[in-house]
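Spelled out from the first residue to the last, the chains are:
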Amino acid sequence: MGAVMGTFSSLQTKQRRPSKDKIEDELEMTTVCHRPEGLEQLEAQTNFTKRELQVLYRGFKNECPSGVVNEETFKQIYAQFFPHGDASMYAHYLFNAFDTAQNGSVKFEDFVIALSILLRGTVHEKLRWTFNLYDINKDGYINKEEMMDIVKAIYDMMGKYTYPVLKEDAPRQHVEVFFQKMDKNKDGVVTLDEFIESCQEDDNIMRSLQLFENVM
């Protein structure tokens, strides 16, 4: 989630501006933000306050002046955070997870609702979102081919400068370990229930879900 977290760095800086700018901020939101769903509705749909949504919107518009981001732009933004690797394939999968309407574009609403889940959602909500990311063909299961595609994309994104140096068959070994742990009934696919149960049994995964809870 490098691109998402990178955006947060700039958003947090803006959030710390002196309170005397508050009126100016409100005016800016009134004149600049088209608010297609309205801040009140987004506040009800997410775990963000109105003020946080205003700051997030300003950052989103700064990166995407049109208010909408397509996949190519998303890839360009994401690539900045992984200069030593090729993040394009992972960014493709990530974009599809954000693009819930599957129409080739991500609006502010799509972005902030997903962000709300990743940062402040329940454990089940976070794991369900991650499962959807891995379930590339959206058939409700994760198979080995899908997991291999995701793992290869992650390894490509990290680049050749990882330490220790990874072996050629590392992605396949990673997938085999994943399925040994998560495919409870050994039918060759991982269901959402199996995924959630296995993740909740893994302390490292559970800790990683808490990393960004206090980002904003």
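Residues numbered from 1 in each chain as written. Predicted model: local features only at pLDDT ≥ 70, side-chain atom pairs only at ≥ 80, totals over all residues. Heavy atoms only, no water.

The name given to the protein in an unreviewed UniProt entry is Potassium voltage-gated channel interacting protein 1, with the source organism recorded as Cyanoderma ruficeps. Quoted verbatim from the Subcellular location (unreviewed entry) heading of the UniProt record, the comment on the protein is "Cell membrane". As stated in UniProt under Sequence similarities (unreviewed entry), the record for the protein gives "Belongs to the recoverin family." (UniProt positions renumbered as here; feature names shortened; annotations may be inferred.)

Asks: Describe the packing of helix α7 (residues 108-120) against helix α8 (residues 123-134), listing the residues and the values that go with them.
Replies: A pair of packed helices is characterised by two quantities: the angle between their axes and the separation of those axes. Across the interface, α7 lies against α8 with an axial gap of 8 Å and an inter-helix angle of 125°. As judged from the angle between their axes, α7 and α8 are oblique. As α7 packs across α8, the resulting crossing turns out to be left-handed. Listed contacts from α8 to Ala-114, Ile-117, Leu-118, Leu-119 and Arg-120 of α7 are Glu-125, Lys-126 and Trp-129. Of the residues assigned to the contact of α7 with α8, the class counts are five nonpolar, no polar and three charged. (Axes fitted to C-alpha atoms, helices over the stretch in contact; angles between N-to-C directions. Helix = DSSP H or I, 4+ residues; strand = E, 2+ residues; numbered from the N terminus. Parallel < 35°, antiparallel > 145°, perpendicular 65-115°, else oblique. Left-handed = near helix turned anticlockwise from the far one by under 90°. Contact = heavy atoms within 4.5 Å. Nonpolar A, V, L, I, M, F, W, Y, C, P; charged D, E, K, R; others polar.)

Asks: Tell me about the packing of aromatic side chains, and name the residues and values.
Replies: Taken as a whole and judged by the stated rule, the model has 13 aromatic pairs. Taken together, a centroid distance of 6.1 Å and an interplanar angle of 90° make the contact between Tyr-134 and Phe-195 edge-to-face. Placement of the pair is Tyr-134 in helix α8 and Phe-195 in helix α11 (residues 192-200), with a sequence separation of 61 residues. The exposure classification of Tyr-134 matches that of Phe-195, with both residues buried. The structure contains a cluster of three or more aromatic residues connected by ring pairs, namely Tyr-57, Phe-60, Phe-74, Tyr-78, Phe-82, Tyr-90, Phe-95, Phe-98, Phe-108, Phe-111 and Trp-129. (Phe/Tyr/Trp six-rings, centres within 6.5 Å; stacked < 30°, edge-to-face > 60°. Buried < 20%, exposed > 50% of the residue type's maximum accessible area, 1.4 Å probe, protein only.)

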